[in-house]
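Observations on chain architecture
Spelled out from the first residue to the last, the chains are:
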Amino acid sequence: QLQLVESGGGLVQPGGSLRLSCAASGSTLDIYTVGWFRQAPGKEREGVSCISSRIGDEGTYYADSVKGRFTISRDTAKNTVYLQMNSLNPEDTDVYYCAAGLIGYMLRSLRRPVEYDYWGQGTQVTVSS
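Nothing here was measured: the structure is a model prediction, and the numbers come from that model. (Residues numbered from 1 in each chain as written. Predicted model: local features only at pLDDT ≥ 70, side-chain atom pairs only at ≥ 80, totals over all residues. Heavy atoms only, no water.)

As enumerated under the stated definition, the model contains 1 disulfide in all. Disulfide pairing places C22 opposite C98 at an S-S distance of 2.1 Å. Taking the torsion about the S-S bond as the criterion, the C22 to C98 disulfide, at about 70 degrees, is right-handed. Highlighted residues: C22 in strand β3 (residues 18-25) and C98 in strand β9 (residues 94-101), separated in sequence by 76 residues. Considering cysteine sulfurs only, C22 is the nearest to C50, which forms no disulfide, with 13 Å between them. Exposure remark for C50: the relative accessible area of 1% places this residue in the buried category. (Disulfide = S-S within 2.5 Å. Helix = DSSP H or I, 4+ residues; strand = E, 2+ residues; numbered from the N terminus. Buried < 20%, exposed > 50% of the residue type's maximum accessible area, 1.4 Å probe, protein only.)

For the rest of this paragraph, the subject is the pairing of β3. Pairing geometry for strand β1 (residues 3-7) and β3, over 5 bridges, is antiparallel. In the sheet register, Q3 faces β3, and the bridge partner there is S25. Both β3 and strand β8 (residues 80-85) contribute to a ladder of 6 bridges, which runs antiparallel. By the bridge assignment for β8, R19 is matched with Q84. (Pairing = 2+ DSSP bridges.)

The subject of this paragraph is the nonpolar core. If you look at the biggest cluster of nonpolar residues, it comprises 27 residues, and the most contacted ones within it are L29, W36, L83, M85 and Y96. Within the residue set of this core, elements represented by two or more residues are β3, β4 (33-39), β5 (46-51), β7 (70-75), β8, β9 and β11 (123-127). Core analysis: the next-biggest nonpolar cluster, separate from the first, contains 7 residues, Y61, A99, I103 and Y116 among them. (Core = buried A, V, L, I, M, F, W, Y, C linked by side-chain atoms within 4.5 Å.)

Honestly, it's all geometry; don't read function into it.
If you want it as structure tokens, here you go:
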């Protein structure tokens, strides 16, 4: 069974950067579509970015709020997906989750949380001075 573990969150000042990692075990992550989400208490889970499977088109997609600042990527050797976050602002403060699912080979857009089957435990990102 696929298991996901996020890491890399923490406290950073506005304008700073963080690199989140989604490390997988139990299966090859490259066959899955992988998404990053964020959620605040009492709020709906928000899609941030996703990358299609390596046996698909490997397309990447981003929410408008993070486009140009965040970058999603894969490292096949480490069975890991990353989210590089630059130019962070306080509005980026949230718990960030990674998720995986056998969704399709050409995503065309961000996918909904219900379409993902496997989830990590989340990692806290706090942007504050």
